[in-house]
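# Structure assessment
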Amino acid sequence: MNSHHFEALFKYSTICILISDSQGRIIAVNPFALREFGYEQDELLGQKIELLIPGRFHSNHEKIRDNYYLNPHDRPVGINTDLFACRKDGSEFPVEVSLGNYLSEGTRYVIA
């Protein structure tokens, strides 16, 4: 598979794909996610992933995120738990989240 296939997968996927760095900053987001969350790309890039999570979960999520980097492994999130995301307009919607990770040039990244 060449890079054009991966680009097409990211661009035309019908699921939200977000990539964040080890500090939880969003470094890439696919078009489907932009539509679902109601943001433009430049509004999300560089922002903490917690922007997309209801405020009542921020502090707990930051701890969970930091702990994930101590032992990163691919896995579903919140099994048997209701998870929610937050749109730009403040409305919430239920989500399913799976995490993947990779190392590039010494930096760990997470794909959600």
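In this section: helix α4 (residues 58-70). The terminal C-alpha atoms of α4 lie 19 Å apart, and with 13 residues this matches the ideal 18 Å at 1.5 Å per residue to within 8%. Taken together, the buried positions of α4 are R65, Y68 and Y69. For α4, the arc enclosing every buried residue in end-on projection is 95°, short of the 170-degree limit, so these residues lie on one face. Turned more than 90 degrees from where α4 packs its buried face, K63 and L70 sit exposed. In the core, the buried residues of α4 are packed alongside β1 (18-20), β3 (75-77), β6 (97-104) and β7 (107-111).

Moving on, we get to the packing of aromatic side chains. Throughout the structure, instances matching the rule amount to three aromatic pairs. On the basis of an interplanar angle of 25° and a centroid distance of 5.3 Å, the ring pair of Y102 and Y109 is categorised as stacked. Residue classification places Y102 among the partly exposed residues on the basis of a relative accessible area of 31%.

What follows concerns the side chain of N30. With respect to the element layout, N30 can be found in the loop between β2 (26-29) and α2 (31-37). N30 gets classed as buried once you look at its relative accessible area, which sits at 0%. Engagement of the side chain of N30 in a polar contact is seen with the backbone oxygen of F10, the distance being 3.4 Å. Not counting residues up to four positions away in its chain, the partners in contact with N30 are F10, S13, I15, C16 and I17.

In this section: the sheet that holds β3. Taken in spatial order, the five strands line up as β2-β1-β7-β6-β3 in an open sheet, and their pairing is antiparallel. Of all the strands in the sheet, the pair left with one neighbour each is β2 and β3. Between one strand axis and the next, the sheet turns through 30° on average, direction left out of account. Where β1 and β2 come together, three bridges link them in antiparallel fashion. The partner of S20 across the bridge, within β2, is I26.

About the thresholds
- Residues numbered from 1 in each chain as written.
- Predicted model: local features only at pLDDT ≥ 70, side-chain atom pairs only at ≥ 80, totals over all residues.
- Heavy atoms only, no water.
- Helix = DSSP H or I, 4+ residues; strand = E, 2+ residues; numbered from the N terminus.
- Expected span 1.5 Å × (residues − 1).
- Buried < 20%, exposed > 50% of the residue type's maximum accessible area, 1.4 Å probe, protein only.
- Arc of directions from axis to C-beta.
- Contact = heavy atoms within 4.5 Å.
- Phe/Tyr/Trp six-rings, centres within 6.5 Å; stacked < 30°, edge-to-face > 60°.
- Polar contact = N/O pair within 3.5 Å; in protein donor to acceptor, adjacent residues only side chain to side chain.
- Pairing = 2+ DSSP bridges.
- Axes fitted to C-alpha atoms, helices over the stretch in contact; angles between N-to-C directions.

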